[in-house]
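Next come the chains, spelled out residue by residue.
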Amino acid sequence: MYSICIMSVFQLGDRRIVVIKKGTDILTSDRGKIKTSEIRDTAEDIHRLRSFGMSPILVASGATTSGLGVLRKGGKSNINLHSPIIGQDGEELLLKQALSSIGQPELFAEFSYHFRARGISIGQVLVNHGDFEDPKRAKSTKGTIQTLLALGAVPILNGNDPTSSEGFNYDNDMITADTVVATGAKLAIMYTSVGGFMVDGQVIPKIDYEERDEFAGFVDDSEKSGNSSGGMESKFASISRMTDAGATVHLVGPYRDARLVNIISGSYIGGTKFLPAA
């Protein structure tokens, strides 16, 4: 039974798959509080996409900041990402990894609650760069994602930060690009706190494949916050990889009308649309 379902995903082609990325600043507050309304809306939007026959994959950040929120709620109100804890070289990285370990189940539980309320199963896929780079591990990663889709579940990817030897250099913009390339998806939607790709304070509505290199010099990394590991430089590089692979990428802000169905249908005209080669 499952083999038939899995084959149907392969046969339908990759245009059914849409990869959605929501980062730390979209899903959590500066103080580490999970934005419940954002996660609820994400679950509802993905539920609607599935009703149209699409297969959404979500890349979600925010575990480290969520971990801060858990500890602060538990009485460690003064803790931050630079707090001395164990008096050891490299402890800032170790602290972030430990916070990620604390925050990941909190974040996933919130997703689980809102997806389950809509009758949707979700599967957690924690990855490092090697899970896409190494051929054997990449085959396993891709197979897991495809099997989750075949089972009717929504894969939710995040970095496996607590045990990563790469630190936090492998951010979720990169994970989004790796997921698009691995699955052959032809559509990705990335949410950003600045609303799109900006030049001189104005959002550029569309960037054709042939124009992309001309805009590379306008990349402004000021979007990057103290809580997020990626910035516009990382996004632009990841978007370039995705458009090279034949995907259309929407870079949009977290606005009320920037819902997934509106973006895909074209009724939302904000943000920046990056086009692949014709």
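The structure we're discussing is the one just above.
Rules and cut-offs
- Residues numbered from 1 in each chain as written.
- Predicted model: local features only at pLDDT ≥ 70, side-chain atom pairs only at ≥ 80, totals over all residues.
- Heavy atoms only, no water.
- Phe/Tyr/Trp six-rings, centres within 6.5 Å; stacked < 30°, edge-to-face > 60°.
- Helix = DSSP H or I, 4+ residues; strand = E, 2+ residues; numbered from the N terminus.
- Buried < 20%, exposed > 50% of the residue type's maximum accessible area, 1.4 Å probe, protein only.
- Contact = heavy atoms within 4.5 Å.
- Pairing = 2+ DSSP bridges.
- Polar contact = N/O pair within 3.5 Å; in protein donor to acceptor, adjacent residues only side chain to side chain.
- Expected span 1.5 Å × (residues − 1).
- Bend = angle between axes of the 7 residues up to and from the residue.
- Salt bridge = Lys/Arg side-chain N within 4 Å of Asp/Glu carboxyl O.

Student: Can you walk me through the packing of aromatic side chains in this structure?
Tutor: Inspection of every chain in the model, using the stated rule, returns six aromatic pairs. Measuring from ring centre to ring centre gives 6.3 Å for phenylalanine 197 and phenylalanine 274, while their planes differ by 80 degrees; the resulting arrangement is edge-to-face. One end of the pair, phenylalanine 197, is in the loop between strand 5 (187-191) and strand 6 (198-199); the other, phenylalanine 274, is in strand 10 (residues 272-274), with 77 residues separating them in the sequence. Pair check on accessibility: phenylalanine 197 and phenylalanine 274 agree, each one buried. Taken together, a centroid distance of 6.3 Å and an interplanar angle of 50 degrees make the contact between phenylalanine 215 and phenylalanine 218 tilted. Taking relative accessible area as the criterion, phenylalanine 215 reaches 15% and is therefore assigned buried. Clustering of aromatic rings is evident, with ring pairs tying together Phe197, Phe215, Phe218, Phe236 and Phe274.

Student: Explain the side chain of aspartate 45 to me, please; I cannot follow it from the model alone.
Tutor: As for its placement among the helices and strands, aspartate 45 is situated in helix 3 (residues 36-51). Looking at aspartate 45, the relative accessible area reads 2%, which means it is buried. Discounting residues that sit within four places of it in the chain, aspartate 45 has contacts with Arg259 and Leu260.

Student: What is the right way to look at the pairing of strand 9 (residues 248-252) in this model?
Tutor: As a general feature of sheets, a regular strand has side chains that alternate between the two faces. With five of its five residues buried, strand 9 lies for the most part within the structure. Burial along strand 9 is two-sided: the residues Thr248, His250 and Val252 and Val249 and Leu251 are all buried. Taken together, the five bridges between strand 5 and strand 9 define a ladder with parallel strand orientation. Bridging from a neighbouring strand, tyrosine 191 pairs with valine 252 of strand 9. Pairing analysis gives three bridges linking strand 9 to strand 10, with the strands arranged antiparallel. Each bridged residue has a counterpart across the sheet, and for histidine 250 the counterpart in strand 10 is lysine 273.

Student: Before we go on, may I ask you to explain the environment of asparagine 158 in this structure?
Tutor: Along the chain, asparagine 158 turns up in strand 4 (residues 154-159). Look at asparagine 158 and you get buried, because its relative accessible area is 5%. The spatial distance from the C-alpha of asparagine 158 to the C-alpha of threonine 176 is 9.3 Å, given a sequence separation of 18 residues. Looking at asparagine 158, its side chain comes within polar contact range of the side chain of glutamine 104, at 2.9 Å.

Student: What should I look at first to understand helix 5 (residues 91-116) in this one?
Tutor: Residues spaced three or four apart along an α-helix face the same direction, because each turn holds 3.6 residues. In this model, helix 5 (26 residues) spans 37 Å end to end at C-alpha, consistent with the 38 Å of a helix rising 1.5 Å per residue. Along helix 5, the sharpest kink reaches roughly 30 degrees, centred on glycine 103 and followed within four residues by the proline proline 105.

Student: Teacher, can you tell me more about the pattern of salt bridges here?
Tutor: Once their charged atoms are close, side chains differing in charge can pair, the charge on each being opposite to the other. In this structure the tally under the stated criterion is 13 salt bridges. A salt bridge links aspartate 173 to lysine 235, with the shortest nitrogen-to-oxygen separation between them at 3.6 Å. In this pair, aspartate 173 sits in helix 8 (residues 172-183) while lysine 235 sits in helix 10 (residues 232-244), placing the two residues 62 residues apart along the sequence. With relative accessibility at 1%, the residue aspartate 173 sits in the buried group. Among the ionic pairs, arginine 241 bridges to aspartate 178, the shortest N-O distance being 2.7 Å. You can see arginine 241 sitting in helix 10 and its partner aspartate 178 sitting in helix 8, a full 63 residues away along the chain. By relative accessible area, which is 8% here, aspartate 178 ends up buried. Through salt bridges with shared partners, a single ionic network connects Arg40, Asp41, Asp45, Arg256 and Arg259.

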